[in-house]
Amino acid sequence: MNENNILATILAGGKSSRFGADKSFVKLGGRSLLDHTIQKIKRVFNEILIVSNGKAFRKKDQNIKIIQDCIPGQLGPLVGVLTAMKWVKKNKKKYKWIATFPCDTPFFDIKIFYHLIKKSRNRAKKLYFFKSGNIRHNIFGLWSLELEKILEKDIKNNHRKVESWANKVGLELIEIDKKKRDTFLNINTKKELKIAKTIIKNDYI
């Protein structure tokens, strides 16, 4: 499927301080965490933007673009989102939405893509996040390009936390059934990587 209304964006600009190394390149089941995310996104979206401050990224795929944060200093995911929005406008792309994905959550269900596509056509809100059980997943989001100016202004006024900024501008949560296995497992530590390796060994496809 070629969804021309949405730019799929992987946010990989974090410091990985709790992990101790750049998580994007950590191997899981013979493939890096970043590649797990890329391979899923490619099933639906033809173009992928990776926002990263790491200099080691090299991708030969012409449909994968890699850029650095528009504001230096690794100031958090909101800057990554703003960077993607600015890239769309600078390159005169026709996207109206940014769909964001973390680089360290390899087990997410690809069915969430279809929720994003449906919401992008509805346009009832300008910001959508997912929620499973009592947990809100703020990096799995759909962001209208119409938010660019207010996002840039708020970042300059030191807004850094995704959740508090989203609450400020207003959002809609997309409820996802919580499964037996946590499909939103976020690999922030070596311990969580060990859990992920057990999952991929036992039942992950």
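Scroll up to find the structure this text is about.
Note that this is a predicted model, so its numbers are computed, not measured.

What am I meant to see in the overall build of the chain here?
Helix and strand counts for the chain come out as six helices and nine strands. Every one of the 205 residues in the chain was classed for burial, and the buried ones make up 48%. Contacts in the chain between residues far apart in sequence, at least 24 positions, make up 68% of those at least 6 positions apart. Just so you have it, the chain exposes about 11,000 Å², and 48% of that area is on carbon and sulfur atoms.

Just checking my understanding: could you explain the nonpolar core for this structure?
Grouped burial of nonpolar side chains is what soluble globular proteins tend to show. In this structure, Ile10, Ile41, Ile50, Phe101, Ile112, Phe113 and Phe130 are the most contacted members of the largest nonpolar core, which totals 28 residues. Residue assignment for this core shows that the elements contributing at least two residues are strand 1 (6-11), helix 1 (33-41), strand 4 (48-51), strand 6 (97-102), helix 3 (112-122), strand 7 (127-132), strand 8 (135-144) and strand 9 (172-176). With 26 residues, the next largest nonpolar core counts Val81, Leu82, Val88 and Ala166 among its residues.

Sorry, what's going on with helix 5 (residues 162-169) here?
Think of an α-helix as turning once every 3.6 residues; residues three or four places apart then point the same way. Among the residues of helix 5, Val162, Trp165 and Ala166 are the ones counted as buried. One side of helix 5 holds all its buried residues, which, seen down the axis, span an arc of 100°. As for helix 5, its buried residues are in contact with helix 2 (77-90), strand 7, strand 8 and helix 4 (148-156). Once helix 5 finishes, Gly170 follows within two positions and takes phi at roughly 95°, a positive value.

What exactly am I supposed to notice about the packing of aromatic side chains here?
How two aromatic rings sit relative to each other is set out by the distance from centre to centre and by the angle between their planes. In this structure the tally under the stated criterion is ten aromatic pairs. For the ring pair Phe101 and Phe108, a centre distance of 5.8 Å and an interplane angle of 25° mean the geometry is stacked. Neither residue differs from the other here; Phe101 and Phe108 are each classed as buried. When the ring of Phe108 is compared with that of Phe113, the centres are 6.0 Å apart and the planes differ by 75°; the resulting orientation is edge-to-face. Residue classification places Phe113 among the buried positions, given a relative accessible area of 0%. If you follow Lys40 out to its NZ or CZ, it ends over the ring of Phe108, 4.7 Å from the centre.

Quick notes on the rules
- Residues numbered from 1 in each chain as written.
- Predicted model: local features only at pLDDT ≥ 70, side-chain atom pairs only at ≥ 80, totals over all residues.
- Heavy atoms only, no water.
- Helix = DSSP H or I, 4+ residues; strand = E, 2+ residues; numbered from the N terminus.
- Buried < 20%, exposed > 50% of the residue type's maximum accessible area, 1.4 Å probe, protein only.
- Contact = heavy atoms within 4.5 Å.
- Areas by Shrake-Rupley, 256 points an atom, 1.4 Å probe, with all protein chains shown as cover.
- Core = buried A, V, L, I, M, F, W, Y, C linked by side-chain atoms within 4.5 Å.
- Arc of directions from axis to C-beta.
- Phe/Tyr/Trp six-rings, centres within 6.5 Å; stacked < 30°, edge-to-face > 60°.
- Lys NZ or Arg CZ within 6 Å of the ring centre and 35° of its normal.

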